[in-house]
Amino acid sequence: MIVTLRILFSAILAVMIGSTIWASMQLSIFDGGGDVIRNPWGVMTLLDAYFGFLTFYVWVAYKERTMLSRVLWLIAILGLGNIAMAAYMLLELSRLPREAGPKDLLLRRDQA
């Protein structure tokens, strides 16, 4: 299970970084951004994405011990989206011992 998650989040991180580089080479994020806001589905897609980011962040805030770490991860997740989320998952997965299971990933380290 843990190996599968490592592969999954590595792939997500690679695809997100690659597609972000590709998209930024096609069009600056600051050019044409108003098109998204003028399109109702563009607004809904942004709301859906950011509510998903905040939902994931609730778990991150539970896992992280210090306020500084929580704030930095919030900024990273809201600024980088799935790139930061995949990086967080890979960091958490790298901290697990070999025999770890899903419970060890999901709970705080002192509760696992």
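Residues numbered from 1 in each chain as written. Predicted model: local features only at pLDDT ≥ 70, side-chain atom pairs only at ≥ 80, totals over all residues. Heavy atoms only, no water.

S.K.: If you had to explain the overall build of the protein chain to someone new, which residues and values would you point to?
M.R.: Secondary structure assignment for the protein chain yields 6 helices and 0 strands. Going residue by residue from the N terminus, the α and β elements of the protein chain occur as α-α-α-α-α-α. Split into buried and exposed, the 112 residues of the protein chain put 28% on the buried side. Partitioning the contacts of the protein chain with sequence separation of at least 6, the portion at a separation of at least 24 is 65%. Put simply, the protein chain shows about 7,800 Å² of open surface, and 71% of that area lies on carbon and sulfur atoms. Taken as two groups, the 10 positive and 8 negative side-chain charges of the protein chain have centres that lie 8 Å from each other. (Helix = DSSP H or I, 4+ residues; strand = E, 2+ residues; numbered from the N terminus. Buried < 20%, exposed > 50% of the residue type's maximum accessible area, 1.4 Å probe, protein only. Contact = heavy atoms within 4.5 Å. Areas by Shrake-Rupley, 256 points an atom, 1.4 Å probe, with all protein chains shown as cover. Lys, Arg positive; Asp, Glu negative; His and termini not counted. Charge placed at Lys NZ, Arg CZ, Asp CG, Glu CD.)

S.K.: Would you mind going over a nonpolar patch on the surface in detail, with residue names and values included?
M.R.: Where nonpolar side chains cluster on the molecular surface, the patch consists of Val36, Ile37, Trp41, Val43, Met44, Leu46, Leu47, Tyr50, Phe51, Leu54 and Leu78 and spans about 1,000 Å² of accessible area. Among the elements of the structure, α2 (33-38) and α3 (40-63) are those that each provide at least two residues to the nonpolar patch. Top element by residues in the nonpolar patch is α3. It accounts for 8 residues. Tracing the sequence through the fold places Ile37 in helix α2. (Patch = residues over 30% accessible without salt bridge, like charges linked within 9 Å, V, L, I, M, F, W, Y side chains within 5 Å. Salt bridge = Lys/Arg side-chain N within 4 Å of Asp/Glu carboxyl O.)

S.K.: Explain the side chain of Ser69 to me, and be specific about the residues and the numbers.
M.R.: Following the sequence through the fold, Ser69 ends up in helix α4 (residues 67-80). Relative accessible area serves as the criterion here: at 17%, Ser69 is assigned to the buried category.

Geometry only, nothing functional implied.
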